[in-house]
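What the coordinates show
Next come the chains, spelled out residue by residue.
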Amino acid sequence: MAIEANEGKALETVVDSVRYQRIPVKTRLVGADDDIVEVVSTYAGEQVRDGDVVFVTEKIVAITQGRAYPVNSINPRPLARFLSKYVTKTSYGIGLGMPETMEMALRECGTPRILLAAAVSVVSKLLKRSGDFYRVAGEKARAIDGPTSHTIPPYNSHVVLGPERPDEVAQVLKSALGGRVDVMIVDINDLGGNILGNTRGHASDDHMVRVLKDNPLGQKHQSTPIGIIRSLT
């Protein structure tokens, strides 16, 4: 199978003098009835080599865990409507800037924690700091994805929560791939990223985020929720 980058993306990058390929792996549409182990094994199993690192988007893991909710099934409380008005929206996505995503943050993280994060963010804005809301609210809040036009239907009208037990999922996937490769569960977008699960431990997370910082899987209709990192140096 020919190795090709997604349109508009680079196949290779160099980080700390190491050259890497980031190989996108195309799949079919994955839903809540699918098994993430079967999906990754089917589409990446024959492409990996010893020493590769397979990275899987957090969204596809969460979808197979039943953590994607149609927007019209979420009934936001008044507090969610109020707080969402003050969330800074970005060119990448709406984040918690809509009542439905804020409602899911309140459910996932608890009302006290979200209120504390909101209070801290007010002070932070006065000090011209950014990012404190999510530092206080935590990874569960950061990982919530709202509906966006560049997401493949039907998930362009869903709120998707972060995956449960990402480190455990990564270990299960590594075993399913014969233990020959490491596996990461990643939350990467065009503005940055986080490593949620990692079979190598989390000491290398910052380095791997830099390897993926240009988002080689893309954010539109590429249908590549899996990728392979291969060292060429």
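Residues numbered from 1 in each chain as written. Predicted model: local features only at pLDDT ≥ 70, side-chain atom pairs only at ≥ 80, totals over all residues. Heavy atoms only, no water.

1. Quick word on the overall build of the protein chain
For the protein chain, the helix and strand inventory stands at nine helices and eight strands. Taken over the C-alpha trace, the protein chain has a radius of gyration of 18 Å; the compact-globule value for 233 residues is 17 Å, and the two agree within 12%. Per-residue burial over the protein chain gives 51% buried out of 233 residues. Summarising the internal contacts of the protein chain: among those between residues at least 6 apart in sequence, 68% fall at separations of at least 24. As displayed, the protein chain has an accessible area near 11500 Å², and 52% of this comes from carbon and sulfur atoms. In the protein chain, 28 positive and 27 negative side-chain charges are present, and the distance between their average locations comes to 7 Å. (Helix = DSSP H or I, 4+ residues; strand = E, 2+ residues; numbered from the N terminus. Rg over C-alpha atoms; globule rule 2.2 N^0.38 Å. Buried < 20%, exposed > 50% of the residue type's maximum accessible area, 1.4 Å probe, protein only. Contact = heavy atoms within 4.5 Å. Areas by Shrake-Rupley, 256 points an atom, 1.4 Å probe, with all protein chains shown as cover. Lys, Arg positive; Asp, Glu negative; His and termini not counted. Charge placed at Lys NZ, Arg CZ, Asp CG, Glu CD.)

2. Some details on the pattern of salt bridges
Inspection of the entire model under this criterion finds 18 salt bridges. The closest approach of N and O atoms between Arg142 and Glu139, which form a salt bridge, is 3.5 Å. Pair noted here: Arg142 and Glu139 are both in helix H7 (residues 139-142), with a separation of three residues, about one helical turn. The class for Glu139 is partly exposed, based on a relative accessible area of 40%. A single network of salt bridges, built from pairs that share partners, joins Arg67, Glu108, Glu164, Arg165 and Glu168. (Salt bridge = Lys/Arg side-chain N within 4 Å of Asp/Glu carboxyl O.)

3. Concerning the pairing of strand E3 (residues 53-57)
Sheet faces and side chains relate simply in a regular strand, where the side chains alternate between the two faces. Across the five residues that make up E3, a large majority, five, are buried. Burial along E3 is two-sided: the face carrying Val53, Phe55 and Thr57 and the face carrying Val54 and Val56 are both buried. As judged from the five bridges shared by E3 and strand E6 (residues 182-189), these two strands associate in the parallel manner. Counterpart to Thr57 in the pairing with E6 is Val186. In terms of strand pairing, E3 meets strand E8 (residues 226-231) through four bridges, oriented antiparallel. Counted as the bridge partner of Val56 is Ile226 from E8. (Pairing = 2+ DSSP bridges.)

4. Brief notes about the environment of Gly227
Structurally, Gly227 can be placed in strand E8. A residue is classified by how much of its surface remains accessible, and Gly227, at 0% relative accessible area, is buried. Between the C-alpha atoms of Gly227 and Asp167, which are 60 residues apart in sequence, the distance is 17 Å. When near neighbours in sequence (up to four residues on either side) are disregarded, Gly227 contacts Ile23, Pro24, Val25, Val53, Val54, Phe55 and Leu217.

5. Regarding the side chain of Glu100
Secondary-structure assignment places Glu100 in helix H4 (residues 99-109). No salt bridge is formed by the buried Glu100, whose closest oppositely charged neighbour, Arg81, lies at an N-O distance of 5.4 Å. In contact with Glu100, other than residues within four places in its own chain, are Val71, Ile74, Pro76 and Val159.

6. Quick notes on the packing of aromatic side chains
One pass over the full model with this rule turns up two aromatic pairs. An angle of 85° between the planes, with centres 5.2 Å apart, marks the rings of Phe133 and Tyr134 as edge-to-face. (Phe/Tyr/Trp six-rings, centres within 6.5 Å; stacked < 30°, edge-to-face > 60°.)

7. Some words on H4
For H4, the tally of buried residues reaches nine of 11 residues, placing the bulk of the element in the interior. Those residues of H4 that fall on the buried side of the exposure criterion are Pro99, Glu100, Thr101, Met102, Glu103, Met104, Ala105, Leu106 and Cys109. Elements that come into contact with the buried residues of H4 comprise strand E4 (68-70), helix H3 (78-84), helix H5 (111-126), helix H6 (132-137), H7 and strand E5 (158-160). Just beyond H4, the residue with positive phi is Gly110, at close to 95°.

8. Observations concerning unusual backbone geometry
The linkage connecting Pro153 with the following residue, Pro154, adopts the cis geometry, with an omega of 5°. Positionally, Pro154 belongs in the loop between H7 and E5. The phi torsion at Arg165 lies on the positive side, around 50°, for a residue other than glycine. Its place among the elements puts Arg165 in the loop between E5 and helix H8 (166-176). Accessibility expressed as a relative area gives 46% for Arg165, which makes it partly exposed.

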